[in-house]
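# Fold and contact review
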Amino acid sequence: MENILQEIGIDNYIYLSALLFCVGIFGVLYRRNAIVMFMSIEIMLNAVNLLLVAFSTYHQDAEGQVFVFFSMAVAAAEVAVGLAILVAIYRNLNNIDIDNLKKLKG
Amino acid sequence: MLTVFYILSAITLATAFLTILSKNPIHSAIYLVLCFFSIAGHYLLFNAQFLAIVHIIVYSGAIMILMLFTIMLMNLNKEDEQNKPLLTRIAAAVSFCLVAFVLLAAFVKSQRVHEYKASGEDFQSIKVLGQVLLNEYMVPFEFASVLLLVSMIGAVLLSKKEHINN
């Protein structure tokens, strides 16, 4: 059973996942387009999944990978519901600019 | 293997940045597909074959098709999005740098518990994963199916509601 952890430490994967998570945060804060914000959330989810797989391999335990399956199922459900909400917003406002959604601001 | 890791990491980070920075949502989606493929490459480096396949099918297949479909449905494939105010963008960049700095500093300072030693035991083949999933995690597995069903019904209901009211 060869894998990458025999050649490089887990540190590199921790750094990669942290950076990828930060890129996702940047996307959520930087863009106004709701779909691109969704994509940034996917990037954040993927960063966490990557770290879960890395630690699952590090501890040689299958349970981390099972958790990744569940988080993939949750991500799929989230995208389906979120895109349905976006379609409903688009029908009402004719755009999905996130800055137009401030009716709850009071 | 080390070179493969660095190339894949560079592709992952670069395409993630391009996803956010490209003006056209279609380009964002295509860069995101590349990002997902490179993450599947990382899974293959860990020798987690089943997870790599599932990742490609679920993310690059299902989720990205759904997003592209929505983008084309809303006719968003043009570059007319206005930027946020300059102050907001600067604040976003600063908070990105700060979060990255804090996370990286915390992880650089922390010490590893033990060095990785391969025991040669089989722990991530499809056979083992299936046994773990259907023995120990049987109930969460069933609940995941309920969750998917509920989200499917919810998505249909949300996008149908306009017609019921009219």
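Along every chain, residues carry numbers that run from 1 in the direction the sequence is written. Naming scheme: in the order in which they are written, chains are lettered from A and ligands are numbered from 1. Two thresholds apply to this predicted model, a pLDDT of at least 70 for residue-level local features and 80 or more for giving and counting side-chain atom pairs, whereas whole-chain, interface and lining totals are computed over all residues.

To continue, consider the overall build of chain A. We count a stretch as a helix when DSSP gives it H or I for four or more residues in a row; a strand needs E for two or more, and each element gets its number in order from the N terminus. Scanning chain A from terminus to terminus reveals 3 helices and 0 strands. When its helices and strands are written in sequence order, chain A yields α-α-α. In this setup the radius of gyration rests on C-alpha atoms only. A globule is expected at 2.2 Å times the number of residues raised to 0.38. Taken against the 2.2 N^0.38 rule, which gives 13 Å for 106 residues, the C-alpha radius of gyration of chain A at 18 Å runs more than 25% over that of a compact globule. The principal-axis extents of the C-alpha atoms in chain A amount to approximately 55 × 25 × 20 Å. Partly exposed residues are those whose C-beta has more than 12 but fewer than 20 other C-beta atoms within 10 Å; 20 or more makes a residue buried and 12 or fewer makes it exposed, with C-beta atoms placed from the backbone. Considering chain A as a whole, with its 106 residues, one finds that 46% of them fall into the buried category. Considering only contacts in chain A between residues 6 or more positions apart, those separated by 24 or more positions represent 46%. Each residue is represented by a C-beta atom placed from its backbone, and any two residues with such atoms within 7 Å are regarded as in contact.

Bringing the interface of chain B and chain A into the picture now. The interface of chain B with chain A comprises 68 residues on the first partner and 65 residues on the second. Elements represented by at least two residues in the side of chain B that touches chain A include exactly helix 1 (2–21), helix 2 (25–45), helix 3 (49–73), helix 4 (86–109), helix 5 (126–135) and helix 6 (138–165) of chain B. Considering each element in turn, the side of chain B that touches chain A owes the most residues, 12 residues, to helix 6 of chain B. By residue class, the composition of the side of chain B that touches chain A is 47 nonpolar, 14 polar and 7 charged. Basically, the charged four are Asp, Glu, Lys and Arg, the nonpolar ten are Ala, Val, Leu, Ile, Met, Phe, Trp, Tyr, Cys and Pro, and anything else, Gly included, counts as polar.

By size, the foremost hydrophobic cluster in this structure holds 61 residues, and its most contacted members are L20, V23, I35 and V53 of chain A together with Y43 of chain B. Contributions of two or more residues to this core are made by helix 1 (11–30), helix 2 (34–59) and helix 3 (63–93) of chain A together with helix 1, helix 2 and helix 3 of chain B. The dominant element in this core, judged by the number of residues it contributes, is helix 2 of chain A, at 12 residues. Contact partners of Y43 of chain B, with chain neighbours within four places excluded, come to V53 of chain A together with A48, L51, A52 and H55 of chain B. We define a nonpolar core as a collection of buried residues of the types Ala, Val, Leu, Ile, Met, Phe, Trp, Tyr and Cys that are connected via C-beta atoms lying within 7 Å of each other.

Looking now at unusual backbone geometry. With a phi close to 55°, Q60 of chain A is a non-glycine residue in the positive phi region. Along the chain, the position of Q60 of chain A falls in the loop between helix 2 and helix 3. Even without being a glycine, N47 of chain B presents a positive backbone phi close to 70°. In this fold, N47 of chain B is placed in the loop between helix 2 and helix 3. Taking the number of C-beta atoms within 10 Å as the measure of exposure, N47 of chain B has 17 and is therefore partly exposed.

Taking 1.5 Å per residue, 24 residues should reach 34 Å; helix 4 of chain B reaches 34 Å between its end C-alpha atoms and fits that length. For helix 4 of chain B, a buried count of 1 out of 24 residues is recorded, marking the element as mostly open to its surroundings. By this rule the span expected of a helix is its residue count minus one, scaled by 1.5 Å.

Attention now goes to the packing of helix 1 of chain A against helix 4 of chain B. To define axes, lines are fitted to C-alpha atoms, for helices over the stretch in contact only, and angles between the resulting N-to-C directions are given on a 0 to 180 degree scale. Closest axis-to-axis distance for the helix 1 of chain A/helix 4 of chain B pair is 9 Å, and the angle between their directions is 160°. One way to sum up the angle between helix 1 of chain A and helix 4 of chain B is to call them roughly antiparallel. You can see that helix 1 of chain A and helix 4 of chain B cross each other, and the crossing is right-handed. Residues I14, Y15, A18, L19, C22, I25, F26, L29 and Y30 of chain A of helix 1 of chain A pack against R89, A92, S95, F96, V99, A100, L103, L104 and F107 of chain B of helix 4 of chain B. Grouping the amino acids of the contact of helix 1 of chain A with helix 4 of chain B by side-chain chemistry returns 16 nonpolar, 1 polar and 1 charged. Any angle that is under 35 degrees is reported as roughly parallel, and any over 145 degrees as roughly antiparallel; angles of 65 to 115 degrees are reported as roughly perpendicular and all others as oblique. Helix crossings get a hand from a simple test, with the near helix turned counterclockwise from the far one by less than a right angle marking a left-handed crossing and a clockwise turn marking a right-handed one.

Turning our attention to the domain arrangement of chain B. The source of the domain bounds is an automatic or database domain assignment. Under the domain assignment, chain B is made up of domain 1 (1–79) and domain 2 (125–166). The gap between the C-alpha centroids of domain 1 of chain B and domain 2 of chain B is 23 Å.

Moving on to the environment of E42 of chain A. Here E42 of chain A shows up in helix 2. Among the residues examined, E42 of chain A registers 24 C-beta atoms within 10 Å and is labelled buried. It is 9.8 Å that separates the C-alpha atoms of E42 of chain A and F21 of chain A, two residues lying 21 residues apart in sequence. Not counting the four nearest positions on each side in its chain, E42 of chain A is found in contact with A75 of chain A together with L32 and I63 of chain B.

Okay, the confidence of the model for chain B next. Residue and element names in this part refer to chain B. Mean pLDDT over chain B stands at 87; residues scoring 70 or higher make up 92%. Note on scores: pLDDT gives the predictor's confidence for each residue, bounded by 0 and 100. Confidence, expressed as mean pLDDT per element, reaches its minimum in chain B at helix 6 with 85 and its maximum at helix 2 with 93. Scoring the predicted complex yields pTM 0.89 and, for the interface, ipTM 0.90.

Turning to the packing of helix 1 of chain A against helix 1 of chain B, a few remarks are in order. Between helix 1 of chain A and helix 1 of chain B, whose axes approach to 9 Å, the crossing angle comes to 10°. The angle between helix 1 of chain A and helix 1 of chain B falls in the class roughly parallel. Contacts from N12, L16, L19, L20, V23, F26, G27 and Y30 of chain A of helix 1 of chain A reach helix 1 of chain B at F5, S9, T12, L13, A16, F17 and I20 of chain B. The residue inventory of the contact of helix 1 of chain A with helix 1 of chain B, partitioned by class, reads 11 nonpolar, 4 polar and no charged.

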